[in-house]
Amino acid sequence: MRLALDRPRRRLEAPIGAATLLLGFGEPVRITRAGRAPDTLVSVYCGPTTTPAIGEHDGRLSGIEVLLAPWAAFSLFGTPQHELANRTVDPDELPHALPTRVGELAAALGALPSWEARFGLLDDVLVRWSAAGAPHSAQVVRAWGELVRTGGAIPVPRLAADVGWSVRHLENRFREQIGLGPKAAARVLRLQRARRLLAAGRGQAETAALCGFYDQAHLSGEFKAMTGCTPREFTLARRGAGGAAGGDRISGEATSLVL
């Protein structure tokens, strides 16, 4: 991505079912989460979250954002992901054993003459780093895949039984390799699906039923807790001037608001 706007920009970023690695080419971004001091960083790592963040920059921003399955982020960095949940950090401050510093990789990417060359280098490096990284659990990958496939609708006891673990063991391994327990991860994925349906024009009552919420009030409460907005406020803001103007982190999904 490369942005060159005529004014600063602020965005609200809602939780998504992924970890984020931003490889910045020089311009910093300021990220604020409730209850934490703002972080101003060029390259950024953020594990899975259950709360929104506000991202700000001065109108100029360039870099590559990589969305990682949380278990893949665990394998890449080897850091227990629960230590990083709902946090934003400089990836080079993580106690990882990567052969190259993330900041050095970002600088190398920024120096290349084309996006094709950048993506080629990035693919090669991530494959090598992942192969040399911490081993992840096949059961965690399988359980995470089922949560994603069902939009967070599968009950946790059934998920544990499907992979042959107790609920407690599943919770412990999820906290280590996903960053959130299975129940919290299911909440994020359920809300992610709800945002997608609402953006496609479904009503709140229908969306609540399709996504496994008890009722419309339950959907509204979860929406408020994880985005800071009610479903109506979020939908209206995206329809307003600039509300959905580019920059959604997942193609075809309503993940952001321009503030």
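As a starting point, this report considers the structure included with it. (Residues numbered from 1 in each chain as written. Predicted model: local features only at pLDDT ≥ 70, side-chain atom pairs only at ≥ 80, totals over all residues. Heavy atoms only, no water.)

1. Notes on the overall build of the chain
Along its length, the chain carries 10 helices and 10 strands. Counting all 259 residues of the chain, 46% fall into the buried class. Counting every atom, the chain has about 12,200 Å² of accessible surface; 53% of that belongs to carbon and sulfur. Across the chain, the mean location of the 31 positive side-chain charges is 5 Å away from that of the 25 negative side-chain charges. (Helix = DSSP H or I, 4+ residues; strand = E, 2+ residues; numbered from the N terminus. Buried < 20%, exposed > 50% of the residue type's maximum accessible area, 1.4 Å probe, protein only. Areas by Shrake-Rupley, 256 points an atom, 1.4 Å probe, with all protein chains shown as cover. Lys, Arg positive; Asp, Glu negative; His and termini not counted. Charge placed at Lys NZ, Arg CZ, Asp CG, Glu CD.)

2. What to know about the pairing of strand β2 (residues 9-13)
In terms of residue burial, β2 counts as a mostly covered element, since four of its five residues are buried. Pairing between β2 and strand β10 (residues 256-258): three bridges, direction antiparallel. If you follow R11 over to β10, its bridge partner there is V258. (Pairing = 2+ DSSP bridges.)

3. Observations regarding the side chain of S256
Along the chain, S256 falls in strand β10. On the accessibility criterion, S256 (0% relative accessible area) is buried. One polar contact links S256 to E13, side chain to side chain, over a distance of 2.6 Å. A distance of 3.2 Å separates a polar atom in the side chain of S256 from a polar atom in the side chain of T255. (Polar contact = N/O pair within 3.5 Å; in protein donor to acceptor, adjacent residues only side chain to side chain.)

4. Considering the sheet that holds strand β5 (residues 39-41)
Spatially, five strands are ordered β5-β4-β7-β2-β10 in an open sheet, and the strand pairing comes out antiparallel. Every other strand in the sheet has two partners, leaving β5 and β10 as the edge strands with one partner each. Averaged over neighbouring strand pairs, the angle between their axes works out to 25 degrees when direction is ignored. In this structure, β2 lies alongside strand β7 (residues 53-57), joined through five bridges in antiparallel fashion. Residue pairing for β7: R11 is matched across the bridge by G55. (Axes fitted to C-alpha atoms, helices over the stretch in contact; angles between N-to-C directions.)

5. Topic: helix α6 (residues 167-177)
If you check which residues of α6 are buried, you get L170, F174 and Q177. Taken around the axis of α6, the buried residues stretch over an arc of 85 degrees, which confines them to a single face. For α6, the secondary structure elements touched by its buried residues are α1 (70-77), α4 (138-149), α5 (156-163) and α7 (182-199). Downstream of α6 by a residue or two, G179 has a phi angle that is positive, lying close to 105 degrees. (Arc of directions from axis to C-beta. Contact = heavy atoms within 4.5 Å.)

6. Side note on the nonpolar core
In terms of nonpolar packing, the biggest core is built from 35 residues, with L147, L170, F174, F213 and L219 touching the most fellow members. Residue contributions to this core peak at eight residues, all from α7. Setting aside chain neighbours within four positions, we find L170 in contact with A143, V156, L159, A160, V163, W165 and P182. V66, A73, L76 and L109 belong to the second-largest nonpolar core, a separate cluster that totals 23 residues. (Core = buried A, V, L, I, M, F, W, Y, C linked by side-chain atoms within 4.5 Å.)

7. Some words on the packing of helix α9 (residues 216-227) against helix α10 (residues 231-239)
Interaxial distance between α9 and α10 falls to 8 Å at its minimum, and their mutual angle equals 60 degrees. Here α9 is positioned oblique relative to α10, judged by the angle of their axes. Packed against α9, whose contacting residues are L219, S220, F223 and K224, the element α10 presents P231, E233 and F234 at the interface. Class assignment of the residues belonging to the contact of α9 with α10 gives a composition of four nonpolar, one polar and two charged. (Parallel < 35°, antiparallel > 145°, perpendicular 65-115°, else oblique. Nonpolar A, V, L, I, M, F, W, Y, C, P; charged D, E, K, R; others polar.)

8. Regarding the environment of F174
One can find F174 in helix α6. Judged by relative accessible area, F174 falls into the buried class, the value being 0%. For the pair F174 and Y214, spaced 40 residues apart in sequence, the C-alpha separation works out to 25 Å. Residues in contact with F174, not counting those within four places in the same chain, are V140, A143, W144, L147, G179, L180, G181, P182 and A185.

9. A word on the packing of α4 against α5
Where α4 meets α5, the closest approach of the two axes is 10 Å, and the angle between their N-to-C directions is 140 degrees. Overall, the two elements α4 and α5 adopt an arrangement that is oblique. The handedness of the crossing between α4 and α5 comes out as right-handed. In contact with Q139, R142, A143, E146 and L147 of α4, α5 contributes L159, D162 and V163. Residues of the contact of α4 with α5, tallied by class, amount to four nonpolar, one polar and three charged. (Left-handed = near helix turned anticlockwise from the far one by under 90°.)

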